[in-house]
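# Fold and contact review
One letter stands for each residue in the lines below.
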Amino acid sequence: MSSDDTTHQAVIDTALGRFSGEPGPLLMVLHAVQDELGYIPDSAVPLIAKGLNLSRAEVHGVVTFYHYFRTHAPGRKAVEICRAEACQAVGAEALADHARKALGVDFHETTADGAVSLDAVYCLGNCACGPSMRIDGQLHGRVTPERFDALTGRAGRAK
């Protein structure tokens, strides 16, 4: 067993122990695992299923249904772009197009070098200052494509 497998097993066991007595604990367990590891590894699905007496299909279905859950390790920098209506009305679509092109990935993907993960979110609560994005938990408003490049360190890379 590799050190990653041992770490994953410990995180899963802790989450199962913490929430298995709760009604409907699957989402709480998945959140706890992702909070700790940054994603839900494929190897976690059968362990969680067994621990909660669920089928692998049930666990996999929940993981893949919710966009919040990742099935691969995130990039070193997490970039989230608001896709809600208020931000859409002030240029979020153009910002999203630019971000995908600048990073060379689509939403819910990570750049090949593992530097940046790009995700869509639906309201960051910064509606008056849209389009908005969050980088590693820090909120930014009135983001233009140029400001996106500066904030993500991608200036001059997209063309």
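Just above sits the structure.
Everything in this summary refers to the structure shown in the same document.

What counts and how
Residues numbered from 1 in each chain as written. Predicted model: local features only at pLDDT ≥ 70, side-chain atom pairs only at ≥ 80, totals over all residues. Heavy atoms only, no water. Patch = residues over 30% accessible without salt bridge, like charges linked within 9 Å, V, L, I, M, F, W, Y side chains within 5 Å. Areas by Shrake-Rupley, 256 points an atom, 1.4 Å probe, with all protein chains shown as cover. Salt bridge = Lys/Arg side-chain N within 4 Å of Asp/Glu carboxyl O. Helix = DSSP H or I, 4+ residues; strand = E, 2+ residues; numbered from the N terminus. Buried < 20%, exposed > 50% of the residue type's maximum accessible area, 1.4 Å probe, protein only. Core = buried A, V, L, I, M, F, W, Y, C linked by side-chain atoms within 4.5 Å. Contact = heavy atoms within 4.5 Å. Expected span 1.5 Å × (residues − 1). Arc of directions from axis to C-beta. Pairing = 2+ DSSP bridges.

## Some words on a nonpolar patch on the surface
A contiguous nonpolar surface patch, about 430 Å² in accessible area, is contributed by Leu27, Phe65, Tyr66 and Tyr68. Note that Tyr68 resides in the loop between helix 4 (56–65) and strand 1 (77–82). Overall, the relative accessible area of 46% leaves Tyr68 in the partly exposed class.

## Some remarks on the nonpolar core
Counting 20 residues, the largest nonpolar core has Val29, Leu30, Val33, Ile40, Ile48 and Val59 as the members making the most contacts within it. Considering each element in turn, this core owes the most residues, six residues, to helix 2 (residues 26–37). For Val29, the residues in contact, after removing those within four places along its chain, are Ala15, Leu16, Phe19, Ile48 and Leu52.

## Looking at helix 6 (residues 92–103)
With twelve residues, helix 6 ought to run about 16 Å at 1.5 Å a step, and its terminal C-alpha atoms sit 16 Å apart, in line with that. For helix 6, every residue scored as buried is listed here: Ala92, Leu95, Ala96, His98, Ala99, Ala102 and Leu103. When helix 6 is viewed along its axis, its buried side chains cluster within an angular range of 165° and face the same direction. Looking at the buried positions of helix 6, the neighbouring elements they touch are strand 1, helix 5 (85–88), strand 3 (116–121) and helix 7 (145–152). One or two positions beyond helix 6, positive phi appears at Gly104, with a value near 75°.

## A word on the pairing of strand 1
Sheet topology note: the strand 1/strand 3 ladder contains six bridges and is parallel. Following the sheet pairing, Cys82 is matched in strand 3 by Val121.

## Topic: the pattern of salt bridges
Side chains that carry opposite charge are capable of pairing whenever their charged atoms lie near each other. Taken as a whole and assessed by the stated rule, the structure comprises six salt bridges. Across the pair Asp119 and Arg70 runs a salt bridge whose closest N-O atoms are separated by 2.4 Å. Highlighted residues: Asp119 in strand 3 and Arg70 in the loop between helix 4 and strand 1, separated in sequence by 49 residues. Like Arg70, Asp119 is buried. A salt bridge links Arg100 to Asp106; the shortest N-O distance between them is 3.9 Å.

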